[in-house]
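Here are the chains, one letter per residue:
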2 protein chains.
Amino acid sequence: MVRAKSGPDKRRLILDAAVRVFARQGFHACRVSDIADEAGVAYGLVYHYFASKDEVLDTLFLERWNVMLELIREVDAQPLPVREKLGAITSFIVDSYRHDPDLMKVIIVEVTRAANSFGQTHLGQIREAYELIGEIVTKAQEEGVFKPEIEARFAAMAFYGTIEQLLTGWIFGLRPQGEEHFERAKWLVVETVCGGLETSVVGEASVS
Amino acid sequence: MVRAKSGPDKRRLILDAAVRVFARQGFHACRVSDIADEAGVAYGLVYHYFASKDEVLDTLFLERWNVMLELIREVDAQPLPVREKLGAITSFIVDSYRHDPDLMKVIIVEVTRAANSFGQTHLGQIREAYELIGEIVTKAQEEGVFKPEIEARFAAMAFYGTIEQLLTGWIFGLRPQGEEHFERAKWLVVETVCGGLETSVVGEASVS
DNA sequence: TGGTGTTGACTGACCAGTCAATCTATTTGG
DNA sequence: CCAAATAGATTGACTGGTCAGTCAACACCA
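Reading the values: the criteria
- Residues numbered from 1 in each chain as written.
- Chains lettered and ligands numbered in written order.
- Predicted model: local features only at pLDDT ≥ 70, side-chain atom pairs only at ≥ 80, totals over all residues.
- Heavy atoms only, no water.
- Domains from an automatic or database assignment.
- Contact = heavy atoms within 4.5 Å.
- Buried area = accessible area lost by both parts, 1.4 Å probe.
- Salt bridge = Lys/Arg side-chain N within 4 Å of Asp/Glu carboxyl O.
- Polar contact = N/O pair within 3.5 Å; in protein donor to acceptor, adjacent residues only side chain to side chain.
- Helix = DSSP H or I, 4+ residues; strand = E, 2+ residues; numbered from the N terminus.
- Nonpolar A, V, L, I, M, F, W, Y, C, P; charged D, E, K, R; others polar.
- Least-squares fit on C-alpha atoms with pLDDT ≥ 70 in both.
- Near = heavy atom within 4 Å.

1. A few points about the domain arrangement of chain A
Residue and element names in this part refer to chain A.
Moving on, step 1. Partitioning chain A into structural domains gives domain 1 (9-50) and domain 2 (52-195).
Moving on, step 2. The distance between the C-alpha centroids of domain 1 and domain 2 comes to 27 Å.
Moving on, step 3. Contacts between domain 1 and domain 2 engage 17 residues on the former and 16 residues on the latter.
Moving on, step 4. Carbon and sulfur atoms supply 70% of the area buried between domain 1 and domain 2, which totals about 1,500 Å² over both sides.
Moving on, step 5. In this assembly, domain 1 and domain 2 are joined by one salt bridge.
Moving on, step 6. Where domain 1 packs against domain 2, one counts six residue pairs in polar contact (both at pLDDT 80 or more).
Moving on, step 7. Of all the secondary-structure elements, those providing two or more residues to the side of domain 1 that touches domain 2 are helix H1 (10-25) and helix H3 (43-49).
Moving on, step 8. Take the side of domain 1 that touches domain 2: its biggest share by element is eight residues, from H1.
Moving on, step 9. Of the residues contributing to the side of domain 1 that touches domain 2, the split by class is twelve nonpolar, two polar and three charged.

2. Section: the interface of chain A and chain B
Where interface size is quoted, it is often the accessible area lost as the parts come together.
Moving on, step 1. Listed by partner, the interface residues are 60 residues for chain A and 60 residues for chain B.
Moving on, step 2. Buried surface at the junction of chain A and chain B, both sides included, amounts to about 5,500 Å², of which 58% is carbon and sulfur.
Moving on, step 3. Inspection of the chain A/chain B interface yields seven salt bridges.
Moving on, step 4. Of the charged contacts, one joins Glu198 of chain B and Arg83 of chain A as a salt bridge, the two residues approaching to 2.6 Å between their closest N and O atoms.
Moving on, step 5. At the junction of chain A with chain B, the criterion picks out 27 residue pairs in polar contact (both at pLDDT 80 or more).
Moving on, step 6. Of all the secondary-structure elements, those providing two or more residues to the side of chain A that touches chain B are H1, helix H6 (101-117), helix H7 (121-142), helix H8 (152-171) and helix H9 (179-195) of chain A.
Moving on, step 7. By residue number, the principal contributor to the side of chain A that touches chain B is H8 of chain A, which donates twelve residues.
Moving on, step 8. In terms of residue class, the side of chain A that touches chain B is made up of 28 nonpolar, 15 polar and 17 charged.

3. Some details on the relation of the copies chain A and chain B
Moving on, step 1. The transform that puts chain A on chain B rotates by 180 degrees and translates by 0.0 Å along the axis, for an RMSD of 0.6 Å. Here the copies are linked by what is in effect a two-fold axis. Measuring from the rotation axis to each C-alpha of chain A, the shortest distance belongs to Gly196 of chain A, at 1.7 Å.
Moving on, step 2. When you check the interface residues of chain A against chain B, 93% turn up at the interface there too, and the contact is symmetric in its surfaces.

4. Section: the protein's contact with DNA strand C
Moving on, step 1. Surrounding DNA strand C, one finds 16 residues, the nearest of these being Ala42 and Tyr49 of chain A together with Arg31, Val32 and Tyr43 of chain B.
Moving on, step 2. Those atoms of DNA strand C that come within 4 Å of the protein belong to sugar or phosphate at a rate of 62%.
Moving on, step 3. Here a phosphate oxygen of DNA strand C and a side-chain polar atom of His48 of chain A are 3.1 Å apart.
Moving on, step 4. Residue Tyr43 of chain B places a side-chain N or O atom 2.5 Å away from a base nitrogen belonging to DNA strand C.
Moving on, step 5. Take the surface near DNA strand C: its biggest share by element is five residues, from H3 of chain A.
Moving on, step 6. Residue composition of the surface near DNA strand C, by class: nine nonpolar, three polar and four charged.

Structural data, given as structure tokens:
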């Protein structure tokens, strides 16, 4: 249990391999042997570390999601303007995708689907994120920076929905990727959600 | 081939049963025999009307998605303010959910979010929706109603992402449902996406 | 020597898709 | 007006292949 010093941590090896395989073939379409092969490990070892194929996916999701929840809590605790708080969260998620697109693909594509069949486990985690973001919005409303007529819960949903759709666009290859796009996307998300699509200036419309 | 007058159209029966079964158990988790049983029809008949289990899902998705694309085209062609155009689209999708939640659940959970299997097959259709909404945004930008600095494609994505997240919330029981909520949601989507979350008035913030 | 890590062949269940037979309705021709 | 012929609709038992999970044995370290 001490798992001591060196040696290629096989458990980690399996998890990382699973990410690649799930991303490439999808959770349902891949076999456990694909994961083992990808990890360069015997079939049975997967079952030494995980109770089932499902548990591998669960682990991947929870590992990452909890890091995100922690980040949101930290951000929320700091005395920053809403735009910066939402910006920090957006930044974290976009950077997560930049750093490991496969993992984010698996989380977004496979877990939402899984929330259907097994595990209210994930639903609880997802709800938690909603609520934390909702609190940030509520505070902004109390400060008078955000409109009171849009419920905080709904606002949180719109914010998260925009980000998730952004990642989905990247995952499906519907949106351009690359350093510059990632950075610009961060600004776009915050600007769209906070400022809206309409021109805020009062002046009349000008046509070319 | 004439399929003439009456008789319970078995093909339709199978499709409707499939919606219920897919919504309840998920596409992968259900058996073709479940669909046949639910439809009160022999196993083999499913294969008389459809080439495969996949084709049943394909059919369900395309049937509905094409109606939506048509609606968007019609709305776009009319000379209405952007808010009303986006409102009409939102309305259509929300009403689709109200009318047949199971079907929308299947479309969103099994197709729209399935980047590997079905999403890939229907990328064209999904992209089409993005582009049509993008055109609406572009026109609004030309009229000076929408900001030019947020790319139309991104705006379309934020809009669609918000709606999809809304339905996802309903599907997984994370958001309250019912007539009043459906109607209010329509307004909220448009107000959030167009007007943004921030208070538009210039005055300073007031603290309680 | 005991415990943890590691192996991979094997099994038991499951299920998509096939197919030959049966049924039902419509058409033909006598 | 009816019988035979034709074509589609409907049935469900069966097959072939797949794959998650098991397990008994072996390797390596303390």
